[in-house]
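Residue-level structural notes
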Amino acid sequence: MNKKTKMVHGGIVGDPQTGAVNTPIYQVSTYKQEGVGNFKGFEYSRTGNPTRHALEELIKDLEEGHRGFAFGSGMAAITAVMMLFNSGDHIVMTDDVYGGTYRVMAKVLSRLGIESTFVDTSSLEKIESAVKENTKAIYIETPTNPLLKITDVRKVTELAKQNGLLTIVDNTFSTPYWQTPITLGADIVLHSATKYIGGHSDVVGGLVVVNSVQLGEDLHFVQNSTGGVLGPQDSWLLMRGIKTLGLRMEAHEKNTLQIVQFLTGHPGVNSVYYPGLETHPNHKVAKVQAGGFGGMVSFDVGSGEKAEEVLAKTKYFTLAESLGAVESLISLPAKMTHASIPKERRQELGITEGLIRISVGIEDAEDLIEDLKQALA
Ligand SMILES: *Cc1c(COP(=O)(O)O)cnc(C)c1O
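No experiment lies behind these values; they were computed from the predicted model shown. (Residues numbered from 1 in each chain as written. Predicted model: local features only at pLDDT ≥ 70, side-chain atom pairs only at ≥ 80, totals over all residues. Heavy atoms only, no water.)

What to know about the pairing of strand E4 (residues 135–141)
Of all seven residues in E4, six are buried, a share of seventy percent or more. With helix H6 (residues 153–162) bridging E4 and the parallel strand E5 (residues 166–170), this β-α-β connection has right-handed handedness. (Buried < 20%, exposed > 50% of the residue type's maximum accessible area, 1.4 Å probe, protein only. Helix = DSSP H or I, 4+ residues; strand = E, 2+ residues; numbered from the N terminus. Right-handed = clockwise from strand over helix to strand, strands pointing away.)

Following this line, the structure appears as structure tokens:
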């Protein structure tokens, strides 16, 4: 099955009870048992729910893995994956990971003895030198947020295998439409489904896909034990979103390429960060490992004042956190999504005060460009 077909026909299609073409919302917490322990696959909805199960099967198919899991948010998904590790374990992570991921590692899981080191994972040498005796996994985000850095997934998985480590990939920005890390050797892929997978700014959710029976059993044990599951309504909304994921990703990409061209030619813009640009340091890797470059772009307008001026003037780019939905969004990472990162650390990473991040929607490109043009004027 090709990807757009899989988005419509993957997972569990329809409802065998009624012939309904979509999996219904099973708004139910418990299930009748014919005798003690004799039930039809579902006993209690934290453990398993038919609507959530249909979504979990679908994301498993899209990511070409062994088993899928749905959580109440991307952070719940990431935290559950981290619960596979033990106190004293160490994880090497991408330095400009999502701010919330940095926060849960540095401020929560560190208290429970799970250590992490943040390095520029676009450099294999830097990963290698961060691996210690107690390292258990390499966790990467590619492209990253907000600097759109690219890590070579295949090279990282090779390095991980040589050292007996798991590779975990946050695939939120690319989605399985453009990139399937498990086919590149990764063990665990996860998503903030709040973004492109949902795609309509109307649901918060997280998804995980693992590549083995053992990881599947282990993660189900964590999911059932810690309980951060996604509800049936939200599971259904994500399945509805996925049906058009391919169409949306194509539309985001088409608009983004035009906007990037406009921004690179604008005198008020110092630098443009986008993996689709030939000048991007890892453009070649991005081109090989992903089918598209995505709809996220960052650009520097020189100062915080100028950036705030642009943000105040745009009409179609809504000032908001989040990304990946049909409507275009604009944000100032230093003051919004990455405000929890100390200023010195932000400077080190290159997240300047004048850096603007946009999530390009599926509106008409001419309107979006016109909007940026007047805001930058
Ligand atoms: C938003 C986001 C998360 C966190 O997901 P939530 O659904 O907001 O909990 C994790 N990783 C990336 C790359 C994100 O953009």
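Looking at the environment of Leu332
One can find Leu332 in the loop between strand E11 (329–331) and helix H13 (343–349). With a relative accessible area of 4%, Leu332 lands in the buried category. Sequence separation of Leu332 and Lys161 is 171 residues, and the distance between their C-alpha atoms is 38 Å. Not counting residues within four places of it along the chain, the set of residues in contact with Leu332 comprises Ala307, Glu308, Leu311, Thr337, Glu353, Leu355 and Ile356. (Contact = heavy atoms within 4.5 Å.)

Things to note about the nonpolar core
Most often, soluble globular proteins keep nonpolar side chains buried together rather than apart. Judged by nonpolar contacts, the single largest core of 29 residues is most densely connected at Ile259, Leu263, Phe299, Ile356 and Ile358. Contributions of two or more residues to this core are made by helix H10 (245–264), helix H11 (283–289), strand E9 (296–300), helix H12 (304–313), strand E12 (355–359) and helix H14 (365–376). It is H14 that contributes the most residues to this core, five residues altogether. If sequence neighbours within four positions are ignored, Ile356 has contacts with Val297, Ser298, Phe299, Val301, Ala307, Val310, Leu311, Ile330, Ser331, Leu332 and Pro333. (Core = buried A, V, L, I, M, F, W, Y, C linked by side-chain atoms within 4.5 Å.)

Considerations on unusual backbone geometry
Between Thr142 and Pro143 the backbone carries a cis peptide bond, its omega angle lying at -5 degrees. One can find Pro143 in the loop between E4 and H6. Residue Asn145 is joined to Pro146 through a cis peptide bond whose omega torsion reads 5 degrees. Within the element layout of this structure, Pro146 appears in the loop between E4 and H6. Phi angles above zero are rare outside glycine, and Glu64 is one such case at about 55 degrees. Relative accessible area serves as the criterion here: at 42%, Glu64 is assigned to the partly exposed category. Look at Ser322: it is not a glycine, yet its phi comes out positive at around 75 degrees. Ser322 gets classed as partly exposed once you look at its relative accessible area, which sits at 28%.

Observations regarding the pattern of salt bridges
Inspection of the entire model under this criterion finds 14 salt bridges. Note that Glu308 is salt-bridged to Lys335, the shortest N-O span being 2.6 Å. Here Glu308 is found in helix H12, whereas its partner Lys335 is found in the loop between E11 and H13, with 27 residues between them in sequence. According to the relative accessible area criterion, Lys335 is partly exposed, its value standing at 48%. Taken together, the shared-partner salt bridges in this structure form one network comprising Glu57, Lys60 and Asp61. (Salt bridge = Lys/Arg side-chain N within 4 Å of Asp/Glu carboxyl O.)

Quick look at the environment of Arg240
For Arg240, the location among the structural elements is in helix H9 (residues 232–243). Overall, the relative accessible area of 54% leaves Arg240 in the exposed class. Sequence separation between Arg240 and Phe221 is 19 residues; the distance between their C-alpha atoms is 27 Å.

A word on helix H2 (residues 50–63)
Along its 14 residues, H2 runs 20 Å from first to last C-alpha, staying within 8% of the 20 Å computed at 1.5 Å per residue. The buried fraction of H2 amounts to 11 of the 14 residues, a majority that puts the element mostly inside the structure. Buried within H2 are the following residues: Pro50, Thr51, Arg52, Ala54, Leu55, Glu56, Leu58, Ile59, Lys60, Leu62 and Glu63. The N-cap residue of H2 is Asn49: its side-chain oxygen and the backbone nitrogen of Thr51 are 2.8 Å apart. Glu64, located one to two residues past H2, shows a positive phi value of around 55 degrees. (Expected span 1.5 Å × (residues − 1). Polar contact = N/O pair within 3.5 Å; in protein donor to acceptor, adjacent residues only side chain to side chain.)

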